[in-house]
Amino acid sequence: MLLTTSVGSLPKPEYLATARSQARKGEVDAKALRALEEQATREWIQTQEQLGVDILVDGEQYRGDMVAYFAEHLGGFQTSELVRSYGNRYYRKPIIAGRITRPRPITVEWWRFAQQLTTRPVKGMLTGPYTIMDWSFNEHYPSRRAATLAIAKVIREEAKDLERAGAQYIQVDEPAISTRPEEMELAIEALGLVTRGLKAKTITHICYGDFHTIGPKLRRLPVDQIDLEFANRDFELLEFFKGKRFPKEIGLGVVDVHSHQVEPTDEVVANLKRALKVFKPEQIYVDPDCGLKTRSPQEAIEKLKVVVEAARTVREQLLN
Amino acid sequence: MITTAVGNYPKVAEGGYGTKLIGALTKWQKQEVTDAQLEATFQDITAAVIREQEEAGLDLLTDGQIRWEDLVTPIAKRLEGFEINGLERWFNNNVYYRRPVLQRAPKRTGPILIEEYRFAGRCAKKPVKAVLPGPYTFVRMSEDRHYKAQRPFALKMAEILNAEAVDLARAGAPFIQFDEPALTAPKPDVKLALEALAIAAKGVKAKTAVYTYFGSLNGALEPLLRAKVDVIGLDVVSAPALLARLKRSKITKELAIGCLDARNTKLEPVSAVRTIIRAMAKQIPADRLYVNPNCGLEFLPHTQALAKVQRLVEAARAERT
């Protein structure tokens, strides 16, 4: 009970961040970059083991943006010129320009690489079809629905391949799911196409936005576990679950990934105990709110350490 | 029939006026370039964007809102009473803005956009419109720690925006537009939005407009068509059902119809744009019709944004003859 994990991305060490920007300018070749990505993955697996995390991630050292990464490896996508995301931040938004195909597995080789480094389970990490659609331009499919379902088909193939390779946990992230309440049913349908019949434990991480709109539909998401950010809204989300028997496992984000400040362990312990009044101990997985890639490696390690220590403390108190 | 843009325009253009604004802002944040140097870059890009709209053949231009990070913070930053908070999603787009937080009664201490407007006007050979957030959208996108009630906040913002609009008209703006995308968001307070809009537009010696975009208007269409402004902007791309509903509506105002999708790179055939224009022409005389993309063009990469403007102009020209 109270198994610890993380949401997906971990920060890239300085040497890798530098190499990635050099690779974009053609100053570092693909093979050299790959070696550094492997080195960083190895280090993160080792770090997570040392910290005592129960369910590991590969840290996505070889990915940039969570949608662009899949778009780059799927057939049918092109890349746009720069568009602005906010402030002075720009990115290249994928364009669905043709029929979406998956020429070959995308994440399986990296998953294998990470899994053979450890005896603890490593999660397979995918981006969900609704999010890939919502964060891309669509020039090919006649509707948002048609595009979403076409993406679901290839993400399904990827999930099956991860399962075949041995993944016991497969996480399909849908941070865009709360963007348009009127499309929630489409997102649920598409996620269902991905997870249907999988024997691996399925998880989705969502950023809840307007929680009152999507909250009531959470129980219908076709996954075993729903991972939510509790810390950055001061655990007010617990109110929503109070008095209801939530039929799924819950991934409980207990440290804020947007703040540099590392939460004191006893604060996280206290919040975990609040959560235990609402959820059963075996229902709860403990993790940071979201991917840690925007923190420095040191901050990420310290935040993960607090997650593990707090979970361990509460676990021991429950057993005694 | 007048072709126009809605508001913002891509701030960078890899195939056009370049990406120097990104570097200039980064360096300005690190205090490696001065305010004056940054201002010069803003002016360069603004001039380029105006030139581009003119060359494409638009009749009524905007300054591209090159200085604007979003629709609300450039105003909030220049008023007393606001702090700027963390990132929030901009309606149903994968784009973010910083939420203004009202800490005490808001106050306008002087003109906000007049200098920018004058500069744009000097660059352009064709008329340039001024764009402001509508009072209701401003309130919906802000956090209110002062009034703790929507109505007094909205009415106060309406007064402030009215003062700005009056000054913009005095500075020569022939057309002043209030953007109210919040009317397409869930559960809008339409009555309050229109009450505030009437205050914002009152006594403004220019043509006034309200623009809505991003989604369907639900029950808001009929009251919106009676708003106390001259021009009503409707996004019939995000909400195609509006076209049919307009057929059953009494139209006494001028209309501005968003007939190309400024949120998707897929280029509409000119014939599709002409079909929408023709459908509108059956309901309203051409001299009471504006045509434009459905919202600001900044969601698009520059190449597609420009291509959409060109197609709009081509469709309008074909329908005029």
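Draft legend 1. Fine view of the overall build of chain B. Counting its secondary structure elements, chain B contains 11 helices and 10 strands. For a compact globule of 321 residues, the expected C-alpha radius of gyration is about 20 Å, and chain B comes in at 19 Å, within 12% of that figure. Out of the 321 residues in chain B, the part that is buried amounts to 50%. Long-range contacts, defined as pairs at least 24 residues apart, comprise 74% of the intrachain contacts of chain B with a sequence gap of at least 6.

Draft legend 2. Focus on the overall build of chain A. The secondary structure content of chain A amounts to 11 helices and 10 strands. Taking the principal axes of its C-alpha atoms as reference, chain A extends roughly 55 × 45 × 45 Å. In chain A, which comprises 320 residues, the share counted as buried stands at 47%. Taking contacts inside chain A between residues at least 6 apart in sequence as the whole, the part at least 24 apart equals 75%.

Draft legend 3. Main features of helix H7 (residues 190-201) of chain B. Residues and elements named next belong to chain B. Between its first and last C-alpha, H7 extends 16 Å over 12 residues, near the 16 Å set by a 1.5 Å rise per residue. Listed as buried for H7 are Val 190, Ala 193, Leu 194, Ala 196, Leu 197, Ile 199, Ala 200 and Ala 201. Packed against the buried residues of H7 are helix H5 (135-140), helix H6 (150-170), strand S6 (175-179), strand S7 (207-211) and helix H8 (221-224). Of the residues flanking the end of H7, it is Gly 203, one or two places downstream, whose phi is positive at about 70°.

Draft legend 4. How the structure looks around the interface of chain B and chain A. Contacts between chain B and chain A engage 25 residues on the former and 21 residues on the latter. Residue contributions to the side of chain B that touches chain A peak at three residues, all from helix H1 (residues 20-29) of chain B. Of the residues belonging to the side of chain B that touches chain A, the class tally is 11 nonpolar, eight polar and six charged.

Draft legend 5. Highlighting the sheet that holds strand S6 (residues 169-173) of chain A. Residues and elements named next belong to chain A. A sheet is described by the order of its strands in space; here seven strands give the open sequence S1-S10-S9-S8-S7-S6-S4, paired in parallel fashion. Taken across any chain shown, the strands that pair with only one partner, and hence form the sheet edges, are strand S1 (3-4) and strand S4 (124-127). With three bridges connecting them, S6 and strand S7 (residues 201-205) associate as parallel partners. When the sheet's bridge partners are listed, Ile 170 is paired in S7 with Thr 202.

Draft legend 6. Representation of the packing of helix H4 (residues 108-115) of chain A against helix H6 (residues 144-165) of chain A. Residue and element names in this part refer to chain A. Packing of H4 against H6 leaves a shortest axis separation of 10 Å and a crossing angle of 25°. The orientation of H4 relative to H6 falls into the category roughly parallel. The two elements H4 and H6 cross, and the hand of that crossing is right-handed. Across the interface between the two elements, Val 108, Trp 111 and Arg 112 of H4 pack against Asp 161, Leu 162 and Ala 165 of H6. When grouped by side-chain class, the residues that make up the contact of H4 with H6 number four nonpolar, no polar and two charged.

Draft legend 7. View of the nonpolar core. By size, the foremost hydrophobic cluster in this structure holds 102 residues, and its most contacted members are Met157(B), Ile176(B), Ala196(B), Leu197(B), Ala200(B), Ile257(B) and Cys259(B). Residues within four places of Leu197(B) in sequence aside, it is in contact with Gly134(B), Pro135(B), Phe178(B), Val210(B), Ala227(B), Lys228(B) and Val229(B).

Draft legend 8. Molecular detail of unusual backbone geometry. Even without being glycine, Asp234(A) reaches a positive phi, approximately 55°. With respect to the element layout, Asp234(A) can be found in the loop between strand S8 (225-229) and helix H9 (238-241). At Phe214(B), a position not held by glycine, the phi torsion is positive, near 95°. With respect to the secondary-structure elements, Phe214(B) resides in the loop between S7 and H8.

Draft legend 9. Quick look at H6(A). Its 22 residues place the ends of H6(A) 32 Å apart at the C-alpha level, agreeing with the 32 Å of an ideal helix rising 1.5 Å per residue. Looking one or two places after H6(A), you find Gly166(A), whose phi comes out positive at around 120°.

Draft legend 10. Expanded view of the sheet that holds S7(B). Residue and element names in this part refer to chain B. Pairing is parallel in the open sheet, where seven strands are placed in the order S1-S10-S9-S8-S7-S6-S4. Taken across any chain shown, the strands that pair with only one partner, and hence form the sheet edges, are strand S1 (2-3) and strand S4 (130-133). Relative to S4, H6 is tilted by about 175°, and along the sheet it contacts S4 and S6. Helix H10 (residues 270-281) contacts strand S9 (254-260) and strand S10 (289-293) of the sheet and is inclined by roughly 160° relative to S9.

Draft legend 11. Examining the environment of Ser296(A) more closely. By secondary structure assignment, the location of Ser296(A) is in the loop between strand S10 (284-287) and helix H11 (297-319). Put simply, Ser296(A) and Glu14(A) are 282 residues apart on the chain and 9.1 Å apart in space, counted from C-alpha to C-alpha.

Draft legend 12. Quick look at the packing of helix H2 (residues 35-56) of chain B against helix H11 (residues 302-320) of chain B. All names here are of chain B. Running from N to C, H2 and H11 point in directions that differ by 35°, and their axes come no closer than 9 Å. Remark: the crossing between H2 and H11 carries right-handed chirality. Residues Glu 52, Gln 53 and Ala 56 of H2 form the contact with H11, whose own contacting residues are Leu 306, Val 309, Gln 310 and Val 313. When the residues that make up the contact of H2 with H11 are grouped by side-chain class, the tally is four nonpolar, two polar and one charged.

Draft legend 13. How the structure looks around the confidence of the model for chain B. Overall, the prediction assigns chain B a mean pLDDT of 97, with 100% of residues at 70 or greater. Here the prediction assigns the complex a pTM of 0.94, and the interface score ipTM is 0.95.

Draft legend 14. Focus on the environment of Lys156(B). All names here are of chain B. Mapped onto the fold, Lys 156 is located in helix H6. Assessed through the 21 C-beta atoms surrounding it within 10 Å, Lys 156 is described here as buried. Put simply, Lys 156 and Pro 106 are 50 residues apart on the chain and 7.6 Å apart in space, counted from C-alpha to C-alpha.

Draft legend 15. Representation of the pairing of S4(A). Residue and element names in this part refer to chain A. Alternating residues of S4 divide into Gly 124 and Leu 126 and Met 125 and Thr 127, and every residue in both groups is buried. Here four bridges tie S4 to S6, and the two strands are oriented parallel to one another. Looking at S6, one finds that Met 125 is bridged to Gln 171.

Draft legend 16. Structural view of the pairing of S10(B). Residues and elements named next belong to chain B. Within S10, five of the five residues are buried, which leaves it mostly tucked inside the rest of the structure. Pairing between S1 and S10: two bridges, direction parallel. Looking across to S10, one finds that Thr 3 is bridged to Val 291. Pairing of S9 with S10, which is carried by five bridges, proceeds in the parallel orientation. Opposite Ala 256, over in S10, you have Tyr 290 as the bridge partner.

What counts, and at which threshold
Residues numbered from 1 in each chain as written. Chains lettered and ligands numbered in written order. Predicted model: local features only at pLDDT ≥ 70, side-chain atom pairs only at ≥ 80, totals over all residues. Helix = DSSP H or I, 4+ residues; strand = E, 2+ residues; numbered from the N terminus. Rg over C-alpha atoms; globule rule 2.2 N^0.38 Å. Buried ≥ 20, exposed ≤ 12 C-beta atoms within 10 Å, placed from the backbone. Contact = placed C-beta atoms within 7 Å. Expected span 1.5 Å × (residues − 1). Nonpolar A, V, L, I, M, F, W, Y, C, P; charged D, E, K, R; others polar. Pairing = 2+ DSSP bridges. Axes fitted to C-alpha atoms, helices over the stretch in contact; angles between N-to-C directions. Parallel < 35°, antiparallel > 145°, perpendicular 65-115°, else oblique. Left-handed = near helix turned anticlockwise from the far one by under 90°. Core = buried A, V, L, I, M, F, W, Y, C linked by C-beta atoms within 7 Å. pLDDT = per-residue confidence, 0-100.

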